[in-house]
Amino acid sequence: MNNRLYGNLVFELSKKGRKGYSLPKNTYEKYSVADLPAGLKRESEATLPECDELTVVRHYTNHSANNFGVNNGFYPLGSCTMKYNPVINEEVAAMKIFADLHPLQPAETCQGALEVYYNLQIMLSNITGLSEFTLNPCAGAHGELTGLMVIRAYHQSRGDEKRTKVLIPDSAHGTNPASAAVCGLEVVEVKSLADGTVDVDDLRSKLSDEVAGMMMTNPNTLGLFEKRIPEIAAMVHECGGLMYYDGANLNPMLGACRPGDMGFDVMHINLHKTFSTPHGGGGPGSGPVGVREGLEQFLPTPRVTEDEEGVLHVMTGDYEKSLGSIGSFFGNFGVILRAYTYILSLGKENIKMVGPLATLNANYIKERLKDVYELPIDTVCKHEFVFNGLKDKSTGVTTMDVAKRLLDYGYHAPTIYFPLLFHEALMIEPTENESKETIDGFVEVMRTIAQEAKDCPDEVKSAPHNTPISRVDDVLAAKHPILNWRQLKEDQAKAE
Ligand SMILES: *Cc1c(COP(=O)(O)O)cnc(C)c1O
C-alpha cells in the first residue's frame, strides 16, 4: 500500500490557505466576530491543519486501514481472549432505546434495559453455578478487587479480623496480586509443579488462620486444567478461607463445568473476553462478580431485583452489609448489552459447544507445531497453551523475532514473554470461533517461520519488513512517551 503522502500527520500535509470546508452563512446579521468582547477572543490563531477535503479523507482512511483487529485477521493472543465481535452486537448497543438512557432515570421508564441487566445476572449464575451476580465492575481487575472486598467483608462480619493473606499461584495473571495489594491484603505466592499445576504441598505449608482466601485461574494461565481443585478447595475451606475464581477467560469451561460446582465461593468473568466486545487499548470492559449462596448481602449496589409482579427495581441503599457503590452507576452498560446479545445469539444449546471447540482448536495447533516449537509441558491443554520459543535454539531466533515476523504475514502476534515461567514464552489461543482453514493457514506460517529461522535467520531477526513502522524501542516509548504532535516537534527541534 502506498500511503506515503497521506500516511503522515495531518499537520504535515497542511498548506497555508487550503480549505476543505465552508462555514454556514452567518444568519445573525447584526453580529459578526468583530463584535465579540475582547476577553473572549483568542490571543493567537489556532494551530489547525489546512487541507483540502480529499487529502483529509485519504489521510484518515489510510490510517484506518493500518489498524489490525479481529475483523481483519487472525488474532491468537493468549490469556486475553480476543473474540470476534459480531456486527449485531454493535447494532444492539447503538439502538436509540439503549443509547439514550440516563442512569438516573426512574426504573418504571426503563424496564426493558433493567430486564437485560437482570436476565444477564441470572444467565451468568446459571453458566457458573453461583448464586448471584453484580454487573457493576468495569474491568477484570475491578471485578477482582470487588470480589476480594466481598471476601474481606465476609471475614470482618464474623469478627475474624486477622485474615489478611491471599494465596496466589506463581502462574497467575499479574492483576491478581495487584488487586490483592490494592485491597490491603498480603500476597503469598504458591509454587507450581514442573507440570504447570499448583504444588499442593507448597500450598499446604502456607495455610493458616491468617488466610483470607485463595485466588485461582482454571484452566490456569498455561491453559492447563487444575485437576486437584476439589482437594485444594477443601483444604482452603477447612482453614477458614474462601476460594476465588479468576474467570476472565471462561470460554473453555462453557458447556464443560462450572466454578460453583468446583467449590469456588467468589468469581469474576470478563464479559469483554469471554463474551466478545473488543478491548484493545484498555477498554471498555465489564467484570461481573458472582458469589455463592450466603455471600449475596455483601455485593455492591445498585442491584436490579424483581418483585412478585415481575416489575424490576433498582436497589441502592437498603443493604446493611453491602459494599455500596464501587463505581459509577451500573457499570459499562454497552458491554453488558454486547455480552447479552452474544449469549442470546449462541443460544443455550450452542453455548455448550464453546468450551469443546476452543479446546479442540488449541490442541490442534499445539499438536501440529510441537515438532518445530518447544513444548515444555506436553499434555492436553484447554483453550490455550505455551511454547518456549523455537525448538532449534541454535539459530538465535527468539520469540520476539517470531512474533515480529508473523506481522509480515498478516497475523497478530500471540502473547509473548508471559507467563513468566519460561524464558521464551509464546502463548497461543485461537478461540472457538475460528475456522479450520484459518487455523491451518496460521500453522503453515508458523512452520514457514521456523524454517526461515534455519535458512535465513537474519530475515526473521530484522522483521517486520512489511509494516508502516518496524521495531520500536518499547522501553523508550514507555519511559518517554510522545503523545502529541507539538511534543514531537519540540523534541525534534531540541535534537537539531
Ligand atoms: C485479562 C485478565 C485479567 C484482567 O482483566 P482486565 O479487564 O484487563 O482488568 C485477569 N485475569 C486474567 C486471567 C486475564 O486474562
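Whatever comes next refers back to the structure up there.
On a predicted model such as this, the values are computed, not experimentally measured, just so you know.

**Quick look at helix α11 (residues 333-369)**
Under the 1.5 Å per step criterion, the end-to-end length of α11 is only 41 Å for 37 residues, more than 12% shorter than the ideal 54 Å. At Gly347, α11 is deflected by roughly 95°, the largest bend along its length.

**Quick word on the site of the ligand**
The immediate surroundings of the ligand are formed by 13 residues, with Ser79, Gly140, Ala141, Asp246 and Lys273 found nearest. Residue Asp246 places a side-chain N or O atom 2.6 Å away from a nitrogen atom belonging to the ligand. One nitrogen or oxygen atom from the side chain of Lys273 is found 2.7 Å from an oxygen atom belonging to the ligand. Relative to its free-state accessible area of 380 Å², the ligand is covered by the protein chains to the extent of 86%. Of all the elements in the fold, those that place two or more residues in the shell around the ligand are α6 (140-157) and α10 (271-274). The greatest single-element share of the shell around the ligand, amounting to three residues, is contributed by α6. Taken together, the residues of the shell around the ligand break down into three nonpolar, seven polar and three charged.

**Description of the sheet that holds strand β1 (residues 132-134)**
Strand order in the open sheet formed by seven strands is β1-β7-β6-β5-β4-β2-β3, and the pairing between neighbours is mixed. Two strands close off the open sheet at either side, each with one partner strand: β1 and β3 (186-190). On average, each strand axis in the sheet is inclined to that of its neighbour by 25°, with strand direction left out of account. Of the strand pairs in this sheet, strand β2 (residues 165-169) and β3 are connected by five bridges, and their pairing is parallel. Considered in β3, the bridge of Pro169 is made with Val190. Contacting β1 and β6 (266-269), helix α5 (residues 111-128) runs over the sheet at an angle of about 130° to β1. Across the sheet, helix α7 (residues 175-182) touches β2, β3, β4 (211-216) and β5 (242-247), and the angle it forms with β2 is around 175°.

Criteria and thresholds
- Residues numbered from 1 in each chain as written.
- Predicted model: local features only at pLDDT ≥ 70, side-chain atom pairs only at ≥ 80, totals over all residues.
- Heavy atoms only, no water.
- Helix = DSSP H or I, 4+ residues; strand = E, 2+ residues; numbered from the N terminus.
- Expected span 1.5 Å × (residues − 1).
- Bend = angle between axes of the 7 residues up to and from the residue.
- Near = heavy atom within 4 Å.
- Polar contact = N/O pair within 3.5 Å; in protein donor to acceptor, adjacent residues only side chain to side chain.
- Areas by Shrake-Rupley, 256 points an atom, 1.4 Å probe, with all protein chains shown as cover.
- Nonpolar A, V, L, I, M, F, W, Y, C, P; charged D, E, K, R; others polar.
- Pairing = 2+ DSSP bridges.
- Axes fitted to C-alpha atoms, helices over the stretch in contact; angles between N-to-C directions.
- Contact = heavy atoms within 4.5 Å.

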